[in-house]
Amino acid sequence: MARSVTAKKNVKPAKPPYVLDEQVGFILRQVWQRHSSIFARDIGTNLTPTQWAALSKLAETGPCSQNQLGRLTAMDVATIKGVIDRLTARGLTETSQDPDDGRRLLVSLTRAGQQLAEKLAPNALAITRETLAPLDAKERELLMALLNKLR
């Protein structure tokens, strides 16, 4: 009888059907948390990742409607509105009437916003490099290609 008890103790439990540590969403969230920590430490000013996304996209594209900016930065209507309100309160963005459509407002960078975007671009590039640092060049290229495919 003692032998059957010992045999049962050596049996490994069956692997559960769902292991959190193996799920893409969980892994992506952990990677995002790591990246966010690097971003907060190294951006060099009090900007959130969503605020930086809006600033950098406006620097890249020039003035555009708030809705278009939200689409370009993958933010919903409420989020982009809050981001632009906070950036405008800091004097980094401004709105003006669209000359082609008087019903629409265009969001653009102020001079201070443009200067900040230019000043922080090297920091943002360094943040990306540090986030991807555990990977070699081919792995970085492959990861970015795969992530873009999943969008």
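In what follows, the accompanying structure is described.

Cut-offs used in this document
- Residues numbered from 1 in each chain as written.
- Predicted model: local features only at pLDDT ≥ 70, side-chain atom pairs only at ≥ 80, totals over all residues.
- Heavy atoms only, no water.
- Pairing = 2+ DSSP bridges.
- Helix = DSSP H or I, 4+ residues; strand = E, 2+ residues; numbered from the N terminus.
- Core = buried A, V, L, I, M, F, W, Y, C linked by side-chain atoms within 4.5 Å.
- Buried < 20%, exposed > 50% of the residue type's maximum accessible area, 1.4 Å probe, protein only.
- Salt bridge = Lys/Arg side-chain N within 4 Å of Asp/Glu carboxyl O.
- Axes fitted to C-alpha atoms, helices over the stretch in contact; angles between N-to-C directions.
- Parallel < 35°, antiparallel > 145°, perpendicular 65-115°, else oblique.
- Contact = heavy atoms within 4.5 Å.
- Nonpolar A, V, L, I, M, F, W, Y, C, P; charged D, E, K, R; others polar.
- Expected span 1.5 Å × (residues − 1).
- Polar contact = N/O pair within 3.5 Å; in protein donor to acceptor, adjacent residues only side chain to side chain.

Turning to the sheet that holds strand β1 (residues 64-65), a few remarks are in order. What the three strands build is an open sheet, ordered β1-β3-β2; its pairing is antiparallel. The sheet terminates laterally at β1 and β2 (93-98), the two strands that pair on one side only.

All right, on to the nonpolar core then. Residues Leu47, Trp52, Ala54, Leu55, Leu69, Ile84 and Leu87 are the most contacted members of the largest nonpolar core, which totals 23 residues. Of all elements in the fold, only α2 (24-42), α3 (49-61), α5 (77-89), β3 (101-109) and α6 (111-132) reach the threshold of two or more residues within this core. Per-element tally for this core: the top contributor is α6, with five residues.

To continue, consider the pairing of β2. Direction of pairing for β2 relative to β3: antiparallel, over a ladder of six bridges. Bridged to Asp98 within β3 is Asp101. Taken together, β2 and the strand that follows it, β3, pair antiparallel across an intervening segment of two residues.

Another point: the pattern of salt bridges. Tallied over the entire structure, the rule returns seven salt bridges. Measuring nitrogen to oxygen at the nearest pair gives 3.2 Å for the salt bridge that ties Glu22 to Lys15. For Asp42, the salt bridge identified is with Arg41, shortest N-O distance 2.7 Å. Note on Arg41: relative accessible area 51%, which makes it exposed.

With that out of the way, let us pick up the packing of α3 against α6. α6 packs onto α3 with a crossing angle of 110° between their chain directions and a minimal axis gap of 10 Å. Put simply, α3 runs roughly perpendicular to α6. Seen from α3, the contacting residues are Trp52, Leu55 and Ala59; seen from α6, they are Gly113, Gln114, Leu116, Ala117, Leu120, Ala121 and Ala124. Looking at the contact of α3 with α6, its residues break down into eight nonpolar, two polar and no charged.

One non-glycine residue with positive phi stands out, namely Ala74, at about 60°. Counting through the fold element by element, Ala74 comes out in the loop between α4 (66-72) and α5.

For α2, spanning 19 residues, the distance from its first C-alpha to its last is 27 Å, which sits close to the expected 27 Å at 1.5 Å a residue. Among all positions in α2, only Phe26, His35, Ser36, Ile38 and Phe39 are buried. Packed against the buried residues of α2 are α3 and α6.

Further remarks concern the side chain of Thr93. By secondary structure assignment, the location of Thr93 is in strand β2. Here Thr88 takes part through its side chain, which lies 2.8 Å from a polar atom of the side chain of Thr93. The contact partners of Thr93, leaving out residues within four places of it in the chain, are Leu55, Leu58, Ile84, Leu87, Thr88, Val107, Ser108, Leu109 and Thr110.

Side chains three or four residues apart in an α-helix point the same way, a direct result of the helix having 3.6 residues per turn. Over its 14 residues, helix α7 (residues 137-150) runs 20 Å from end to end, which matches the ideal 20 Å to within 8%, given 1.5 Å per residue. The opening residue of α7, the one whose side-chain oxygen lies 3.1 Å from the backbone nitrogen of Lys138, is Asp136.

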